[in-house]
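Coordinate inspection notes
The lines below spell out each chain.
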Amino acid sequence: MTAFKRLAIVLAVVCTATAAQAETIVASVNGMVCALCVIGIENSFKRLPQVQEVKVDLGTKSVTVRTKDGQTVDDARFTRTITNAGYKLVSIFRQ
Ligand SMILES: [Cu+2]
């Protein structure tokens with residue numbers, strides 16, 4: 001087997017493994033001030049079929065979303081979900 005073929009196989013395996021993984025998305029959000037804000041954002045994300053789990057931290061003004069295996073919530077959808085709930089997205093960080 002050539003080195004190139006071996007590399008191609010390794011890449012294919014790595015890509016397949018990556019695609020099947022869940023994603024954790026952490027966003028910084030402005031405008032959350034109370035427990036009702038937390039519940040509102042949580043419910044908005046729970047309505048998305050890709051979302052496995054959502055946690056809102058009022059202290060750090062962050063929203064952490066974990067997707068189902070092999071699923072993602074793209075930036076546009078994520079931003080829209082926050083905006084439609086009445087808040088402002090500051091930044092998104094993906095793990
Ligand atoms: Cu509130």
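As a reminder, the structure under discussion sits directly above these lines.
Residues numbered from 1 in each chain as written. Predicted model: local features only at pLDDT ≥ 70, side-chain atom pairs only at ≥ 80, totals over all residues.

1. Description of helix α3 (residues 75–85)
What counts here: Working definition of burial: number of other C-beta atoms within 10 Å of the residue's own, with buried at 20 or more, exposed at 12 or fewer, and partly exposed in between, all C-beta atoms being placed from the backbone. Each helix corresponds to a stretch of at least 4 residues labelled H or I by DSSP, and each strand to a stretch of at least 2 residues labelled E; elements are numbered beginning at the N terminus. Comment: arc refers to directions from the helix axis out to C-beta atoms. A residue pair is marked as a contact if its C-beta atoms, positioned from the backbone, fall within 7 Å.
Among all positions in α3, only F78, T81 and I82 are buried. The buried side chains of α3 occupy one side of the element, clustering within an arc of 90° when seen end-on. For α3, the exposed residues lying more than 90 degrees away from the buried face are A76, R77, T83 and N84. Those residues of α3 hidden inside the fold are in contact with β1 (24–30), α2 (35–46) and β4 (88–94). Positioned one or two residues after α3, G86 has a phi angle of 105°, which is positive.

2. Side note on the pairing of strand β2 (residues 51–57)
Quick reminder of the rule: Here, strands pair whenever DSSP counts at least two bridges between them.
Taken together, the 6 bridges between β2 and strand β3 (residues 62–67) define a ladder with antiparallel strand orientation. Residue pairing across strands places K55 opposite T64, the latter belonging to β3.

3. Topic: the pairing of β3
Sheet topology note: the β1/β3 ladder contains 5 bridges and is antiparallel. Looking across to β3, one finds that T24 is bridged to R66. Hairpin geometry of β2 and β3 is characterised by an intervening segment of 4 residues between the two adjacent antiparallel strands and by a positive phi of about 50° at K61.

4. Observations regarding α2
The test is simple: In this analysis, the expected span of each helix is defined as 1.5 Å times one less than the number of residues it contains.
The first and last C-alpha atoms of α2 sit 16 Å apart over 12 residues, in line with the 16 Å expected at 1.5 Å per residue. Within α2 the residues assigned to the buried category are I41, S44 and F45. Looking straight down α2, one finds that the buried residues subtend no more than 95° of arc, so they occupy a single side. Seen from the open side of α2, the exposed residues pointing more than 90 degrees away from its buried face are A35, L36, I39 and N43.

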